[in-house]
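Tertiary structure, described
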Amino acid sequence: MLPLPPFTYHAPATLPEALSLLSEHGMDALPMAGGTDLLVNLKHRLYDARHVVGLRGLPELRGIREEPDGAVVLGALTPIAELTRNPLVRSRLPSLAAAAGAIAGPQLREMGTLGGNLCLDTRCVYVNQSRFWRQALGGCLKKDGTTCHVVPGGRNCVAAASCDTAPVLATLGARVNLASVAGEREVTVAALYVADGIRNHVRRPDELLVSVRVPPLPAGLVAGFAKLRMREAIDFPALSIAVALLAPGGRVERVAVTVGALAARPHAVAGLERFRGRIWGRDVADEIGALTRRQCHPLANINVDPEWRREVLAVHVRRAFAAAGALPAG
Amino acid sequence: MPGPREVVPFTVNGDAVAPAVSPHTTLLEALREDLSLTGSKQGCDKGDCGACTVLLDGVPVLACLTLAVEVRGRRVTTIEGLAKGPKLDPIQEAFDACGALQCGFCQSGMMVSARALLDRNPRPSRREIEEALSGNLCRCTGYTKILEAVQVASGQCRPGEGALLTGLDPGAPPPSLASGGGEGSQGPGDPREEPLFPARAGGRGEGGTRAGGVAESDR
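The rules behind each value
Residues numbered from 1 in each chain as written. Chains lettered and ligands numbered in written order. Predicted model: local features only at pLDDT ≥ 70, side-chain atom pairs only at ≥ 80, totals over all residues. Heavy atoms only, no water. Buried < 20%, exposed > 50% of the residue type's maximum accessible area, 1.4 Å probe, protein only. Helix = DSSP H or I, 4+ residues; strand = E, 2+ residues; numbered from the N terminus. Contact = heavy atoms within 4.5 Å. Domains from an automatic or database assignment. Buried area = accessible area lost by both parts, 1.4 Å probe. Salt bridge = Lys/Arg side-chain N within 4 Å of Asp/Glu carboxyl O. Polar contact = N/O pair within 3.5 Å; in protein donor to acceptor, adjacent residues only side chain to side chain. Nonpolar A, V, L, I, M, F, W, Y, C, P; charged D, E, K, R; others polar.

The next thing to look at is helix H1 (residues 27-34) of chain B. Residue and element names in this part refer to chain B. Among the residues making up H1, those that are buried are Leu27, Leu28, Glu29, Ala30 and Leu31. Buried residues in H1 make contact with strand S2 (10-12), strand S4 (20-21), strand S5 (53-56) and strand S7 (75-77). A positive backbone phi angle near 55° is found at Ser36, which sits one or two residues after H1.

Take a look at the structure:
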């Protein structure tokens, strides 16, 4: 039994009302969409906030629409399950639909939301535990302690970004709209995250993630997703890999690879511009896989052998390209 | 200061109820402790096991991660609501006929998830049943008979015949680990078939891949 701590629950009916509540209570308030991450973390006493602001009633955070320029705008409250069945998402953003379908299990996909997934708290085998368990270890950098149990002597929390939609949206150049009482701002999904597992995104406590905008994608761009996890359902990622490729006439013009479930920030593989102009094929995909492996160093923050995760990185890059239809199967 | 208890009206299994709950009371606690509906089980209490699955406006959700104050005015169906008077739901009949339980702790959640599936898809494929029940854990690992019971409940076979519908012999790997099948397959050379780490046993390497195809059968 994991009882929730007492808190005051607010149910604002409009976005301005919600933003003024967040502004008023600051760090003492937690915005809650589906609650599938937040309530578990509250049960584990990871947060000390005394106010929960329920976002369920905010019409401004709902809906999926296509803009005249071809951009797709997704409301932050869009359920994960809706991303898997919405015709516009399935046809225009198939790698996002695939990533959404690989999140958790059916019940949690109905409850959880896109905004909640993007703002998912980082995860670590040493922190996502009951308070009793953590106290036995003396806490850690992220909560109630001064020691990192993953990186001995480490001073920077390396809890893992475990949101499967973020790598996909990063490879597609998506941006999020953040609102506060002071106004709105746009941040790219790639720039939303920072390398600090204690708070790995730049959304301020008084801000809400309102929507995600995926820009019009060039004709011919293909995108794919591959995920490693111990079971095919429920589990958070042990690797979460998204790719996007534009290769008109079979020649690489642009390629992007982002890897999640490493440390606090999804890693955008660097140096991919070197493949520009190459004739696309399995050999290029394998070189990209090898480059990804060189840059990515899975840690013992997830309960899946880091060495093994590193060994299978390149395979999953190839699988993501195959899922995108960019490689012949096999 | 935590907010005061408030009266939250909603319907459970067709009955109007209005328990007085605290803001931090979960729907599961309200059902079990305030309304004495103990059929929904408290398993992990953190969203891993599915034992507390209920239908909220017909959609399967986890009652342990739902605040009671957030179901105001909504329609909740628990395992107690599946039977209509003395008449059991076909899913309950089938679980009984197939012996689809061992300790029984996961059973209410399994049957509620199965009800949600059959409500939207009266004749699901084996793969669709696996997918619909993939958020419900059975730690006795009695999955074979549970999957068969849903096939029986949907009138697709009789008790004991479920394995025949998969087209697999009992020793064969389950469909999700085999040829990929269905419209989500990448064809004969499906990359998911490639062993990731053949030296290590147990299908571990196959466990996580999610292809980019979005066909239902691919999930």
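Let's shift gears to the domain arrangement of chain B. All names here are of chain B. Considered domain by domain, chain B is made up of domain 1 (6-81) and domain 2 (90-193). Listed per partner, the contact involves 15 residues of domain 1 and 12 residues of domain 2. Regarding the contact of domain 1 and domain 2, the summed buried area is about 1000 Å², with carbon and sulfur atoms giving 66% of it. When the area that domain 1 buries against domain 2 is broken down by residue, the three leading residues are Thr53, Leu55 and Ile79, summing to 42%. Across the contact surface, domain 1 and domain 2 share 0 salt bridges. Our count for the contact surface shared by domain 1 and domain 2 stands at 4 residue pairs in polar contact (both at pLDDT 80 or more). At 3 residues, S5 tops the list of elements feeding residues into the side of domain 1 that touches domain 2. Considering only residue class, the side of domain 1 that touches domain 2 consists of 6 nonpolar, 7 polar and 2 charged.

The next point concerns the pattern of salt bridges. Where charged atoms of side chains with opposite charge meet at close range, the side chains can pair. All names here are of chain A. Summed over the entire model, instances satisfying the criterion amount to 32 salt bridges over all chains. Between Lys142 and Asp121 there is a salt bridge, with its nearest N and O atoms 2.7 Å apart. Within this pair, whereas Lys142 is found in the loop between helix H8 (131-137) and helix H9 (165-171), its partner Asp121 is found in the loop between helix H7 (114-118) and H8, the two being separated by 21 residues in sequence. Residue classification places Asp121 among the buried positions, given a relative accessible area of 13%. We note a salt bridge from Arg282 to Asp286, for which the minimum N-O separation is 3.1 Å. Of this pair, Arg282 and Asp286 are both found in helix H11 (residues 282-295), 4 residues apart, which corresponds to roughly one turn of the helix. Arg282 gets classed as partly exposed once you look at its relative accessible area, which sits at 38%. Several salt bridges converge on common partners, so that one network encompasses Arg65, Glu67, Asp69 and Arg213.

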